[in-house]
Amino acid sequence: MRRKTVKTRQRNSYSGSRINPSRFSRSQIKFYLLLLPLAAFMVIPVIMIVNRAFMPLGELHAFPPRIIASNYTLNNFKALFRLYSTTGVPMSRYLFNSVVITVLTVTLNLLISVTGAYALSKKRFRLKDKLFSLNQLALMFVPTAVAVPRYIVIVNSGMLNTLWAHILPLVAMPVVLFLIKQFTDQIPDALIEAAIIDGAGDLTIIRRIIIPLTRPALATAAVLSFQLVWGTVEASNNFITDDSLRTLAFYLNAISTNVSVSAAGMTAAASLILFLPNLIIFIFMQSQVMNTMSHSGIK
Amino acid sequence: MSSLSILKNRKKSIKKREGLRAGLLLLPYAIPFSMFILVPVAVAIVLSFTFFDVINRPAFTGLLNYVSIFTQDTVFLKNVLPNTFLYALVVGPGGYVLSFLVAWMLTQLQRVPRTILALCIYTPSMLGSVFIGVVWRAVFSGDQAGIANYLLMEMGILDQPLQFLLTPDYFMLIMIIVSLWSAMGIGFLAMISGILNVNEELYEAAYVDGLKNRFQEIIYITIPSMKPQMLFGAVMAIVNAFNMGWIGVTLAGANPTPNYAGQLITNHIDDYGFIRYEMGYAAALSVVLLLVVYLFNRLAYRFFGEKEERA
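Predicted, not measured: the structure shown is a model, and the values here were computed from it.

J.: What should I look at first to understand the confidence of the model for chain A in this one?
T.: Caution applies to low-pLDDT parts of the model: their predicted coordinates are not meant to be read in detail. When pLDDT is averaged along chain A, the result is 86, and 91% of the positions lie at 70 or above. Note that pLDDT drops below 50 for residues 1–13 of chain A; the model gives that stretch four contacts with residues more than four away or on any other chain.

Printed below as a string of structure tokens:
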């Protein structure tokens, strides 16, 4: 009897965690069998467009359709950059707008979020918890739902047809404030108090303590904010009527919905230009992002 | 003694000013937050009780807009509402469960293959609307050179190329596939790191207490110990599901989608707001949408919240 329990125990017994293993084991094969086809389904469409961006015209319309190019050319990109919009705005202007808008938005977003997160995390004041709950409630905010009221706000504040119409609606991202605040909570209060005794003001504390110690969260915030700003067409569609103030994403979107046959290669090239910065930034920030995500929980 | 009292006094005066300081520090965030999140929601609520065509001043009409939505708007009742619920349920909770399962499987692998596979799976979520439109219009293009048509014809399933994106029967299915494809985003990453951070001793203890298999492991240990990440993931999944309204319009190339087959509530709002300029009616639809999103989130908090959320 006793022996039997020991035996069952042993069978059920804990053989070391199988989470994050350090060696390959046969029990992983079933997961690979599921994950590899899934990963292929996820990336093959991306690989297809990347190849199309470099395909010469002949191959783009070959039958059967090709996924991998056999000859590579930069003609699609050259054609794209030579293009002018119907109102005579050159592509370079859109690129310039997008770069300026993205840099300003991401920078402002990080600055206001880190100061806000510092206040919500380390300051003691009455409305603190209420304000944080409000931001948490705003995590579930769906911007497309209020496109119309946003338009009214833009018109009444005189931002219609200005760069601010691109920037200001996107600088306050509840998810960014949330992540940085969760991360700032990990910084020991003693460190802040010591700095205060040494005579450091709030801005010095933010610059010398909070920013260096929340770098993973800031990197994640930069990734999220960049992805949002770089790819959005909301402002260009709704708040801007002057073509020369619109963004690359808007323009490339306009080209890509143009179904004309000769545009297939250019469309792919345009998609690639929009996507590459996202991918590069994410790969560089990957470990920081994962680090932040372990503090991302909503308690 | 004197230096200590000085210190105490200093601390006191600092504390007094702390509220003001905190306010100042929060202000740069609070201004755009109010202008583009709080005020628009308030404006939507106010406008939803009016008739407003942008040119004339809004005229108060009481509950008329809401009554019309639920009694007169046949497109809303017959297409938009069922579409939105089907879509949101599959892409929201469906995508959520899927991303948990995938995240869990990934954590059973070593670091290097896990990172590579996770990057592959995460990639579609950072493509952006332009890329997504280009990819899937090419795959489902209606001529025989469309990838889907070509494959299905090679396999003998089809003998004529099919106009996938113009056929209402397939349109919703395609929208859901594309949305799930691009839904493995930040919530998915949060879940991977949540699972990786579960304390290993918990598993050990549970096996001693009679845990039998990995399914039980997930239900009794993994999920309860990463509730905060599960909740974050759930909120992100819900918001994503309701924010993806553009997908149908991008695939079809026009609003409304063919026969309203892929018309979601966000498209309906755009249709009334920016195409017909019936802003009051569009605002009422927005309020309905925000309430639906809020209800979904309450459910998520009910499941995974550790304390009741105040608001």
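From this point, the discussion proceeds with the structure in view.
J.: What should I look at first to understand the nonpolar core in this one?
T.: Soluble globular proteins: nonpolar side chains tend toward being buried together. Ranked by size, the top nonpolar core spans 172 residues in total, and within it Ile180 of chain A together with Val235, Ile238 and Leu285 of chain B carry the most contacts. Of the residues forming this core, the biggest block, 13 residues, is contributed by helix α14 (residues 279–304) of chain B. Look past the residues within four positions of isoleucine 238 of chain B in its chain and what remains in contact with it is Met140 of chain A together with Gly92, Val293, Phe296, Asn297 and Ala300 of chain B.

J.: Teacher, can you tell me more about unusual backbone geometry here?
T.: The phi angle of most residues is negative, glycine excepted, and most peptide bonds adopt the trans form. Residues and elements named next belong to chain B. The phi torsion at asparagine 259 lies on the positive side, around 50 degrees, for a residue other than glycine. By the element assignment, asparagine 259 lies in the loop between α12 (246–252) and α13 (265–275). Despite not being glycine, tyrosine 260 shows a phi value in the positive range, around 60 degrees. Inspection of the secondary structure assignment puts tyrosine 260 in the loop between α12 and α13.

J.: Explain the interface of chain A and chain B here, please?
T.: The parts lose accessible area when they come together, and the size of an interface is often stated as this lost area. Taken together, the 87 residues of chain A in the interface contact 91 residues of chain B. By residue number, the principal contributor to the side of chain A that touches chain B is helix α15 (residues 264–293) of chain A, which donates 12 residues.

J.: Explain the environment of methionine 226 of chain B to me, please; I cannot follow it from the model alone.
T.: Residue and element names in this part refer to chain B. Inspection of the secondary structure puts methionine 226 in the loop between α10 (214–225) and α11 (227–243). Given 24 C-beta atoms within 10 Å, methionine 226 falls into the buried group. In this structure the C-alpha to C-alpha distance between methionine 226 and leucine 196, which are 30 residues apart in sequence, comes to 9.7 Å. Among all residues touching methionine 226, those that are not within four sequence positions of it are Gly194, Ile195 and Val198.

J.: Honestly, the packing of helix α5 (residues 91–122) of chain A against helix α11 (residues 202–213) of chain A in this entry has me stumped. Any pointers?
T.: All names here are of chain A. Put simply, α5 and α11 touch, their axes get as near as 11 Å, and they point 90 degrees apart. Considering the angle they form, α5 stands roughly perpendicular to α11. In contact with Val114, Thr115 and Tyr118 of α5, α11 contributes Ile206, Ile210 and Ile211. Partitioned by chemical class, the residues of the contact of α5 with α11 number five nonpolar, one polar and no charged.

J.: Any chance you could explain the confidence of the model for chain B here in plain terms?
T.: On average, chain B scores 86 in pLDDT, and the residues at 70 or more come to 93%. Reported confidences for the modelled complex are a pTM of 0.85 and an ipTM of 0.85.

Rules used throughout
- Chains are numbered independently. Their residues run from 1 in the order of the written sequence.
- Lettering for chains starts from A, numbering for ligands starts from 1, and both go in the order in which the items are written.
- Only residues with pLDDT of at least 70 are given local features in this predicted model, and only at 80 or more are side-chain atom pairs given and counted; all residues enter the totals for whole chains, interfaces and linings.
- A residue's pLDDT is the predictor's confidence in that residue, given on a scale from 0 to 100.
- We call two residues in contact whenever the C-beta atoms placed from their backbones are within 7 Å.
- Here a nonpolar core is just a set of buried residues of the types Ala, Val, Leu, Ile, Met, Phe, Trp, Tyr and Cys, joined wherever their C-beta atoms sit within 7 Å.
- Once C-beta atoms are placed from the backbone, each residue is buried if 20 or more other C-beta atoms lie within 10 Å of its own, exposed if 12 or fewer, and partly exposed for counts between those two.
- Put simply, DSSP H or I for four residues or longer makes a helix, DSSP E for two residues or longer makes a strand, and each gets a number counted from the N terminus.
- Axes, fitted as lines to C-alpha atoms, cover a helix only where it is in contact. Angles between the N-to-C directions of the axes lie from 0 to 180 degrees.
- Every angle not falling under 35 degrees, over 145, or within 65 to 115 is termed oblique; those three ranges are roughly parallel, roughly antiparallel and roughly perpendicular.
- Just so you know the grouping, Ala, Val, Leu, Ile, Met, Phe, Trp, Tyr, Cys and Pro go in nonpolar, Asp, Glu, Lys and Arg go in charged, and all remaining residues, Gly too, go in polar.

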